Amino acid sequence: MTQHAPGVGSNRSDSNIRIEFRKVSKRFAPQNAGAAPVTAVEDVSIAIADGEIVSLIGPSGCGKSTLLNMGSGLYLPSEGEVFVDGEPVTGPNRHVAFMLQKDLLLPWRTIRENIEFGLEIRHVDAAQRRDTAMRLLNKCRLSGFENHYPHQLSGGMRQRAALARTLAVDPKVLLMDEPFSALDAQTKMVLQRDLAQTVVEEKKTTLFITHDLVEGVALSDRVLVMSRRPGRIVREMKVDLGDRGDPFARRLSPRMGAYVKELTDLLDIGHQELL
Amino acid sequence: MSNANTLTPRMAALSLGVLLAFLAAWQWLPPLFNVPEFILPGPLRIWNEFLRMIAVEKLWHHTGITALEVVVGFVLGSLLGMVIGYVLGVSPRAELVLSPYILALQIAPKVAFAPLFVMWLGYTVYPKILVAILIVFFPVMVNVLTAIRTVDPDLINLARSFSSSRLQIFHMIEFPATLPPLFSGLRIASTLAIIGVVVGELVGGNQGLGYLLMYGEGQGNTAIVFVTILMLTLIGVLAYGAVVWAEARVLHYLPRAQHHAT
């Protein structure tokens, strides 16, 4: 394929890199004995600089979620390594937190207790947990709902609570797996703006998996396109729309269409390469 | 919530009307068809027998003994079911090894053990409690085990991503997640406990409502049998009600509709 790994921004110095997947492959044991192991991702290299948002787009089942699980240390790669701040990831660690399409709020905990969940696991004392939770409730525009239970909130609010829970442990890297794909179009746009502003303010490095091409372009500094299984990064596209904290403005930009067109074409190229 | 599910005063009156109509039919219909009272005593006859049994037959004493056996059997059987359910739930290997025996014991009719326990433990309260424990154990254990198996793996991954310990996963996710099915199991168990106790008392002993059933039969006194059945039902309603009450307190975070559905 290409000379240097396509996911690595060529103009960035290594010291700046927050999270890096270096020649990572993942194979899973087959369901029934005798069958060949399933390769979910193959030889993927991605480097994301501090404060950068990178979106990952590709067909279903291309191993995007596998990548994310390896980033958060839930699985270890079969080959290659994942680094966070230059340190190899050998298991779950405090620098990385993930957020999924499912909000994963615990129904028996209030919203505040849900936001405190990660801190409680890490034995942060109650007063400090509460301070952090209240600050994030405010930031995620959930003030007044701290004592509500998840079922009392709308889907958008629940996903904001999930974002607050993810931010509460103060990770350097956010790994997001289609976090807004279950929301209606308008709620989704509002949450995209909230996320974009939060990531800018809190200087989080983010890997954002999505099916939504416009969402990927509106939120990201770069968009990576993955192929069908076994997933490889087939192309990288830099997004040069400026003003990353305001996805509304980016959506309205006249150049938006060109980026989406390019991605659509790229995804088709991805198909042809592998069929 | 729709009107059909809420108890309006109108509905309550209707419900009470059904009861009164039933009692009236029971009182006056059988004599019309020449059904003798020793076959089917009417409500008034049963009420008089109830008063007589309180005075003469130590009805409250027997009811108390049975209630005690039910409560002790229910509590111990549920605790045992929970402990074994959680242990097997967190260690799939142990479940794999033990599952054929658990299945066999689950299929075996538990009440058939009653004579055995009476032979072992004599005409005391213990064999009755033991039958109740055995019969209560399975629905509780199976519900806990199934629930712990079906906890969303993403929830566990979420906890793991925060570097949780195994113990934290259990007490912060698995245990609370299994509470709704656990309570479904406890509801079933509360009604089964009475069956276990009564069968134990029928097999042998000289106290408890099961004994009164045998005694009434021996006397050819159908009214005693009816009174005893009503007392057993009363114990059952109270036991079931206690579980529902506890469930509403513990699972207060669930939306109401979900409460009624499960």
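Preceding this section is the structure that the text describes.
Heads up: these notes are all about the structure in this document. Since we're looking at a predicted model, the values are computed, not measured.

Some details on the overall build of chain A
And step 1. Scanning chain A from terminus to terminus reveals nine helices and eleven strands.
And step 2. Taking 2.2 N^0.38 as the reference for a compact globule, 275 residues should give roughly 19 Å; the C-alpha atoms of chain A span a radius of gyration of 19 Å, in line with that estimate.
And step 3. Along the first, second and third principal axes, the C-alpha set of chain A runs to 50 × 50 × 40 Å.
And step 4. Counting only residues that meet the buried cut, chain A has 55% of its 275 residues in that class.
And step 5. For chain A, the share of sequence-separated contacts (at least 6 apart) that also reach a separation of at least 24 residues comes to 70%.
And step 6. Surface exposure of chain A reaches about 12,000 Å², of which carbon and sulfur atoms provide 48%.
And step 7. Of the side-chain charges in chain A, 36 are positive and 35 negative, and the distance between the mean point of each set is 2 Å.

Things to note about the overall build of chain B
And step 1. On a plain count of helices and strands, chain B comes out with eleven helices and zero strands.
And step 2. Tracing chain B from N to C terminus, the helices and strands come up as α-α-α-α-α-α-α-α-α-α-α.
And step 3. Structurally, chain B occupies a C-alpha span of about 75 × 55 × 30 Å along its principal axes.
And step 4. Within chain B, the fraction of its 262 residues that count as buried is 40%.
And step 5. In chain B, the share of contacts with a sequence separation of at least 24, taken over all contacts with a separation of at least 6, comes to 73%.
And step 6. For chain B, the exposed area adds up to about 14,200 Å²; of that, 73% sits on carbon and sulfur atoms.
And step 7. With 13 positive and 11 negative side-chain charges, chain B shows a separation of 5 Å between the mean positions of the two kinds.

Observations regarding the nonpolar core
And step 1. If you look at the biggest cluster of nonpolar residues, it comprises 110 residues, and the most contacted ones within it are Ile46, Leu56, Leu67 and Phe117 of chain A.
And step 2. Inspection of this core shows a minimum of three residues originating in each of domain 1 (24–39 + 51–95 + 172–258) and domain 2 (105–170) of chain A.
And step 3. Residues within four places of Phe117 of chain A in sequence aside, it is in contact with Leu106, Arg109 and Arg165 of chain A together with Leu158, Ala159, Phe162, Met172 and Ile173 of chain B.

A short note on the sheet that holds strand E11 (residues 233–238) of chain A
Residues and elements named next belong to chain A.
And step 1. Ordered in space as E7-E8-E9-E4-E10-E11, the six strands form an open sheet in which the pairing is mixed. Looking along the sheet, the strands with just one partner apiece sit at the ends: strand E7 (96–99) and E11. In this sheet, adjacent strand axes meet at a mean angle of 20 degrees when their direction is disregarded.
And step 2. Pairing of E7 with strand E8 (residues 173–177), which is carried by four bridges, proceeds in the parallel orientation. Paired with Val96 across the two strands is Val173, which belongs to E8.
And step 3. Running at roughly 155 degrees to E8, helix H1 (residues 64–71) makes contact with strand E4 (53–57), E7, E8, strand E9 (205–210) and strand E10 (222–226) of the sheet.

Some points on the packing of aromatic side chains
And step 1. Overall, the coordinates contain 16 aromatic pairs over all chains when judged by the stated rule.
And step 2. Each residue in the set Trp108 and Tyr149 of chain A together with Tyr253 of chain B is aromatic and connected to the rest through ring pairs, giving one cluster.

Side note on the side chain of Glu215 of chain A
Residue and element names in this part refer to chain A.
And step 1. Mapped onto the secondary structure, Glu215 falls in helix H7 (residues 213–219).
And step 2. Notably, Glu215 is buried but unbridged: the nearest opposite-charge side chain belongs to Lys188, and the N-O separation is 4.5 Å.
And step 3. Once residues lying within four places of it in the same chain are set aside, the contact partners of Glu215 are Phe180, Lys188, Gln192, Phe208 and Thr210.

Topic: the environment of Asn93 of chain A
And step 1. If you trace the backbone, Asn93 of chain A turns up in the loop between strand E6 (87–88) and E7.
And step 2. Using a relative accessible area of 15% as the deciding quantity, one classes Asn93 of chain A as buried.
And step 3. Along the primary structure Asn93 of chain A and Gly257 of chain A are separated by 164 residues, whereas in three dimensions their C-alpha atoms are 39 Å apart.
And step 4. Apart from residues lying up to four places away in sequence, Asn93 of chain A is in contact with Ser72 and Arg122 of chain A together with Ser161 and Ser163 of chain B.
And step 5. Among the polar contacts listed, one links the side chain of Asn93 of chain A to the backbone nitrogen of His95 of chain A, at a separation of 3.0 Å.

Describing the interface of chain B and chain A
And step 1. Each side of the interface is counted separately: chain B has 20 residues, and chain A has 22 residues.
And step 2. Taking both sides of the interface into account, the surface hidden between chain B and chain A amounts to around 2,100 Å²; carbon and sulfur atoms contribute 69%.
And step 3. By the criterion of area lost to chain A, the three top residues of chain B are Phe162, Met172 and Tyr253 of chain B, representing 35% of everything that side buries.
And step 4. Taken together, the links from chain B to chain A amount to two salt bridges.
And step 5. In this structure, the salt-bridge partner of Lys102 of chain A is Asp154 of chain B, at a minimum N-O distance of 2.7 Å.
And step 6. The set of elements that each furnish at least two residues to the side of chain B that touches chain A consists of helix H7 (153–161) and helix H8 (166–203) of chain B.
And step 7. In terms of residue count, the dominant contributor to the side of chain B that touches chain A is H7 of chain B (seven residues).

Digging into the pairing of E9 of chain A
All names here are of chain A.
And step 1. Within E9, six of the six residues are buried, which leaves it mostly tucked inside the rest of the structure.
And step 2. Judged from the five bridges that link them, E8 and E9 form a sheet pairing that is parallel. From the neighbouring strand, Met176 faces E9, where its bridge partner is Phe208.
And step 3. With respect to chirality, the unit in which E8 leads through helix H6 (residues 185–202) into the neighbouring parallel E9 is right-handed.

Conventions used here
- The residue numbers shown here count from 1 along each chain, following its written sequence.
- To read the labels, note that chains go from A and ligands from 1, taken in the order they are written.
- For a predicted model such as this one, the threshold for reporting local features is a pLDDT of at least 70, and the threshold for listing and counting side-chain atom pairs is 80 or more; totals across whole chains, interfaces and linings nevertheless cover every residue.
- The basis for the side-chain values is all heavy atoms of the structure; hydrogens and waters are excluded.
- Secondary structure elements follow DSSP: runs of H or I no shorter than four residues count as helices, runs of E no shorter than two count as strands, and numbering proceeds from the N terminus.
- We take the radius of gyration over the C-alpha atoms and set the globule estimate at 2.2 Å times the residue count to the 0.38 power.
- Buried means the residue's accessible area, taken with a 1.4 Å probe over protein chains only, is under 20% of the maximum for its type, while exposed means over 50%, and partly exposed covers the values in between.
- By definition in these notes, contact holds between two residues if any of their heavy atoms fall within 4.5 Å.
- Note on areas: these come from Shrake-Rupley sampling with a 1.4 Å probe, and a residue is covered only by the protein chains present in the view.
- All tallies of charge rest on Lys and Arg as positive and Asp and Glu as negative; His and the ends of each chain are not included.
- Charged groups are reduced to one reference atom each: NZ for lysine, CZ for arginine, CG for aspartic acid, CD for glutamic acid.
- Residues grouped as a nonpolar core are buried Ala, Val, Leu, Ile, Met, Phe, Trp, Tyr and Cys residues, joined through side-chain atoms within 4.5 Å.
- Segmentation of the chain into domains, including their bounds, is taken from an automatic or database domain assignment.
- Any two strands are treated as partners once DSSP identifies two or more bridges connecting them.
- Every axis corresponds to a line fitted to the C-alpha atoms, with the helix fit spanning only the stretch in contact, and the corresponding angles, defined between N-to-C directions, vary from 0 to 180 degrees.
- Stacked, tilted and edge-to-face pairs are distinguished by plane angle, under 30 degrees for stacked and over 60 for edge-to-face with tilted covering the rest, among Phe, Tyr and Trp rings (Trp via its six-membered ring) whose centres lie within 6.5 Å.
- A side-chain nitrogen of Lys or Arg and a carboxyl oxygen of Asp or Glu constitute a salt bridge if their distance falls within 4 Å.
- For this analysis, a polar contact is any N or O atom pair within 3.5 Å, provided that within protein one partner can donate a hydrogen and the other can accept it, and provided that sequence-adjacent residues contribute only side-chain to side-chain pairs.
- Buried area: the sum, over both parts, of the accessible surface (1.4 Å probe) that disappears when the two are put together.
- A right-handed crossover is one whose linking path, passing over the helix from the first strand to the second, runs clockwise when the strands point away from the viewer.

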